[in-house]
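The primary structure of each chain is shown beneath.
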Amino acid sequence: MSESKNSGIGVLADNLKSVWGSFAGSFFRAGRPASDMSRAAIMVNNFFLHIHSVKTHINSLRPGFTLGMGLISMFLCLITVGSGVALMVYYNPSIENAYNSVKDINFVVFAGRLIRNSHKWAGEGMIVFVFLHMARVFYTNSYKSGREFNWLVGVVLLGLTFMLNLSGYLLPWDQLSYWALVIVSNIMQSPKELTDSLGLTKYFDVGGFSKELFLAGLKPGKEALNRVYLLHVVFLPVTLMVIVGVHFWRIRKDGGLTRPANYTAKYEDMKYVIAPDKKGGIFTPNKTYGLMELAKGKTPAVNIDVENTVLSWPNLLVAEAAVFMLCLAGVIAYSFYIDAPLKELANPLIPENPAKAPWYFLGLQELLSYSAFMGGVGLPTVALMGLALIPFLDRETDKVGVWFSGKRGKGVAIEALIVGVIALAGLMAFVISFGWFRTWWPDIPQIVITFINPGVIWVGFMIFWALSVTARTRSTRMGAIALFTMFLLSYLILTYIGTELRGPNWGFYWSKSQWPMH
Amino acid sequence: MSSEAQHKDGVISRREFLNVAAAGAAFLSIAAVFAGLSRFLKPKVAYEEATKFKIGTADNFPVGVVTKFDENGVFVFSSEDGLYAISCVCTHLGCRVALTETGFDCPCHGSKFNKNGKVTGGPAPRALPWLQISRSVDGSLEVDTAKEVSAGTIFKIA
């Protein structure tokens, strides 16, 4: 026996017995995360974890500050990637097979309907949570002090989220897809409305050109489906992932999440934080010390680390895992009960009546019903430019990381909410009851309607209101709060009108039950 | 001699010239790539039905009858003076308009047109196009959805 200890076989047997332990050692590099030192080391040594810092500020862990919105958006995105790859196993992007393959996925493939529903609802959930994340970042004043560029990156991500959702909507090639594709391609063509009015179309038909590039022809057909598929499964997701990477990297580089300048950890905050394990170190928590570490803050901290931080392992990772599980559970539960729509096969001869875009574009469709160019190209461009410019026009650096920048901001936001709801509802009620220029003067030139229509008037009013708030409060931040609040509420109200109150021929109906039968 | 002094004489230094030339070359190359890309993406062949299609001889169109060519999106009207074709594709966002007593109505965003295709309500930016009718060599009539004629152009059968 003692002989075998030294033999090659014996060494091999011992190595085999300790395989798990030595694998764990090689995996963690600095040993299992059992002490604060190895907990810090694992964050640096692990490829997937090193995107986080070793320590996380307690304020970033407070659910009441971040609301977890950015994380939820990211996790929903991961769910769409997983379910999307699964859908690609059976989906076939040709106009002969696309509809049938989606039907197969829905009715034949094992768990196919659940996977398709999850893909659909996680994708649409991204729109909701990306918006909420943007609102959180905006209202906590977190788009400044070096974070201006990351706000821009976020605006790009918002645009990509919309494009991914839209391109996915077009793939099943049912009536919804087909007529949405017709409407989208004609929105791309809508600069023609302007060039026609100016008599420039025959020299410079930018609208017609972009429509032709998108559709690979003049009508939506197999080439168009091919391009939309390419955009949806390769170009847009890869772009999104790269830019998400930049977004996360900049969070670290820009100094992490914002926090109030005078932040001190309160008792409630400590409830979801696991205090550091100082046993191995030279300090013990049951003694008091003088200022041992050169750090900001009034009192020497013993049960927390420097500058109100705690170790990311386990504090941050536990929180992230919890949010991920909630996301997955939410998506699966929702998808189990609510089915993604699938109408009959695309029929180019019979438009849906009303032909509606997906819900997240129905606010735009309401604007489109005044002027195709303004609603589809002009005003969305103004809105995106406005969002992009916010951190460069409001450069006040006080009250960063504070919800609404304090009480005054909350007042401004509530005031903008009330004024905005009344003004927009009034404008819409007027338009719905009395019509617009063409109802009154049928011969009015199109260019007048392109530039003076309810959508333009509403955007003008928002800008006017924001300027007047800026003048009154002498604060660009307050003006920004008013403008952003009105932007969010107009997205909500217009989407509601487009979704619930518009019926056949884009007529106004209080409810679907009043739609004329046809 | 400093480069500033040279500027005053309106002369640029070799270094400045090369900088501008390099930046210009880079810009032109990128512009050429994008121009090439948009040319690449614009298909030379469209796998679609021809825009010109035969509608048969004039005998098929008794006076006062409207014929709808669903596949091609065209209404052909027959009047005392002759035939005329109006597109049924809405000029707003491309939905199919339906024939009504007053003219044409679009189901998507509520555009309304009169009997000549002129916009009378809703968001449509311009009138429904009138399309060219011609006679092909075999004697049957053809409509070309890609060729617009001015409103009121009537194809005389006689």
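Residues numbered from 1 in each chain as written. Chains lettered and ligands numbered in written order. Predicted model: local features only at pLDDT ≥ 70, side-chain atom pairs only at ≥ 80, totals over all residues.

Caption draft 1: Molecular detail of the overall build of chain B. Looking only at helices and strands, chain B features two helices and 10 strands. Along chain B, from the amino end to the carboxyl end, the secondary structure elements read α-α-β-β-β-β-β-β-β-β-β-β. Taking 158 residues into account, the globule formula puts the C-alpha radius of gyration at 15 Å, and chain B, at 27 Å, lies well above it. Across its three principal directions, the C-alpha atoms of chain B cover 90 × 40 × 25 Å. Relative to its full complement of 158 residues, chain B shows a buried share of 27%. (Helix = DSSP H or I, 4+ residues; strand = E, 2+ residues; numbered from the N terminus. Rg over C-alpha atoms; globule rule 2.2 N^0.38 Å. Buried ≥ 20, exposed ≤ 12 C-beta atoms within 10 Å, placed from the backbone.)

Caption draft 2: Main features of the confidence of the model for chain B. All names here are of chain B. In the predicted model, chain B carries a mean pLDDT of 85, and 94% of its residues have values of at least 70. Across chain B, helix α2 (residues 14–41) holds the top mean pLDDT of 94, while helix α1 (residues 3–8) sits lowest at 52. Prediction confidence for the complex, expressed as pTM and ipTM, is 0.88 and 0.79 respectively. (pLDDT = per-residue confidence, 0-100.)

Caption draft 3: Focus on helix α19 (residues 407–434) of chain A. All names here are of chain A. In this model, α19 (28 residues) spans 40 Å end to end at C-alpha, consistent with the 40 Å of a helix rising 1.5 Å per residue. Turning to α19, its buried residues number three or more, namely Gly409, Val412, Ala413, Ala416, Gly420, Leu424 and Val431. Those residues of α19 that are buried are in contact with α22 (454–473) and α23 (476–501). Just beyond α19, the residue with positive phi is Gly435, at close to 75 degrees. (Expected span 1.5 Å × (residues − 1). Contact = placed C-beta atoms within 7 Å.)

Caption draft 4: Local environment of the environment of Thr153 of chain B. Within the element layout of this structure, Thr153 of chain B appears in the segment after β10 (141–149). Its 14 C-beta neighbours within 10 Å are what place Thr153 of chain B among the partly exposed residues.

Caption draft 5: The arrangement of the interface of chain B and chain A in detail. In this assembly, 23 residues from chain B lie in contact with 33 residues from chain A. Broken down by secondary-structure element, the contributors of at least two residues to the side of chain B that touches chain A are α2 and β8 (119–121) of chain B. Taken together, the residues of the side of chain B that touches chain A sort by class into 10 nonpolar, seven polar and six charged. (Nonpolar A, V, L, I, M, F, W, Y, C, P; charged D, E, K, R; others polar.)

Caption draft 6: Structural detail: the packing of helix α10 (residues 148–170) of chain A against helix α18 (residues 372–393) of chain A. Residues and elements named next belong to chain A. Contact pair α10 / α18: the axes reach a minimum separation of 8 Å and the direction vectors enclose 165 degrees. As judged from the angle between their axes, α10 and α18 are roughly antiparallel. In the packing of α10 onto α18, the handedness of the crossing is right-handed. When α10 is examined against α18, the residues Glu148, Trp151, Leu152, Val155 and Gly159 are found in contact with a partner set consisting of Leu384, Leu387, Ala388, Ile390, Pro391 and Phe392. When its residues are assigned to classes, the contact of α10 with α18 shows nine nonpolar, one polar and one charged. (Axes fitted to C-alpha atoms, helices over the stretch in contact; angles between N-to-C directions. Parallel < 35°, antiparallel > 145°, perpendicular 65-115°, else oblique. Left-handed = near helix turned anticlockwise from the far one by under 90°.)

Caption draft 7: View of the sheet that holds strand β5 (residues 98–99) of chain B. Residues and elements named next belong to chain B. Read from one edge of the open sheet, four strands run β5-β6-β7-β8, paired in antiparallel fashion. Of all the strands in the sheet, the pair left with one neighbour each is β5 and β8. As defined by bridge partners, strand β6 (residues 103–105) adjoins strand β7 (residues 112–114) across three bridges and the pair is classed as antiparallel. Each residue of the ladder has a partner; that of Asp105, found in β7, is Lys112. (Pairing = 2+ DSSP bridges.)

Caption draft 8: Broad picture of the nonpolar core. One finds Leu76, Ala180, Ile183 and Ala482 of chain A together with Ala85 and Leu93 of chain B to be the most contacted residues of the largest nonpolar core, which totals 116 residues. Once residues lying within four places of it in the same chain are set aside, the contact partners of Ala180 of chain A are Tyr169, Leu170, Ala357 and Pro358 of chain A. Counting residues in hydrophobic clusters, the runner-up holds 10 residues, among them Ile42, Ile58, Leu311 and Trp313 of chain A. (Core = buried A, V, L, I, M, F, W, Y, C linked by C-beta atoms within 7 Å.)

Caption draft 9: Looking closely at unusual backbone geometry. Residues and elements named next belong to chain A. Cis geometry is adopted by the peptide bond preceding Pro314, which originates at Trp313 and carries an omega value of 10 degrees. Even without a glycine there, the phi angle at Trp173 is positive, about 55 degrees. Within the secondary structure layout, Trp173 lies in the loop between α10 and α11 (175–189).

Caption draft 10: Summary view of the environment of Leu160 of chain A. Residue and element names in this part refer to chain A. As for its placement among the helices and strands, Leu160 is situated in helix α10. Sequence separation between Leu160 and Gly363 is 203 residues; the distance between their C-alpha atoms is 18 Å. Excluding anything up to four places from it in sequence, Leu160 contacts Leu236, Thr239, Leu240 and Ile243.

Caption draft 11: Up close: the sheet that holds strand β2 (residues 66–69) of chain B. Residue and element names in this part refer to chain B. Taken together, six strands build an open sheet; the order of strands is β1-β10-β9-β4-β3-β2 and the sheet is antiparallel. Both edges of this open sheet fall to β1 (52–56) and β2, since each of them pairs with a single strand only. Neighbour to neighbour, the strand axes of the sheet diverge by 35 degrees on average, direction disregarded. Strand direction decides the pairing type here: strand β9 (residues 130–135) and β10, joined by six bridges, are antiparallel. The partner of Ile133 across the bridge, within β10, is Val143.

Caption draft 12: Structural context of the packing of helix α12 (residues 191–198) of chain A against α18 of chain A. Residue and element names in this part refer to chain A. Between α12 and α18, the least distance of the axes is 7 Å, while the angle of their chain directions is 120 degrees. Packed against α12, whose contacting residues are Pro191, Glu193 and Leu194, the element α18 presents Ala372, Phe373 and Val377 at the interface. For the contact of α12 with α18, a count of residues per class yields five nonpolar, no polar and one charged.

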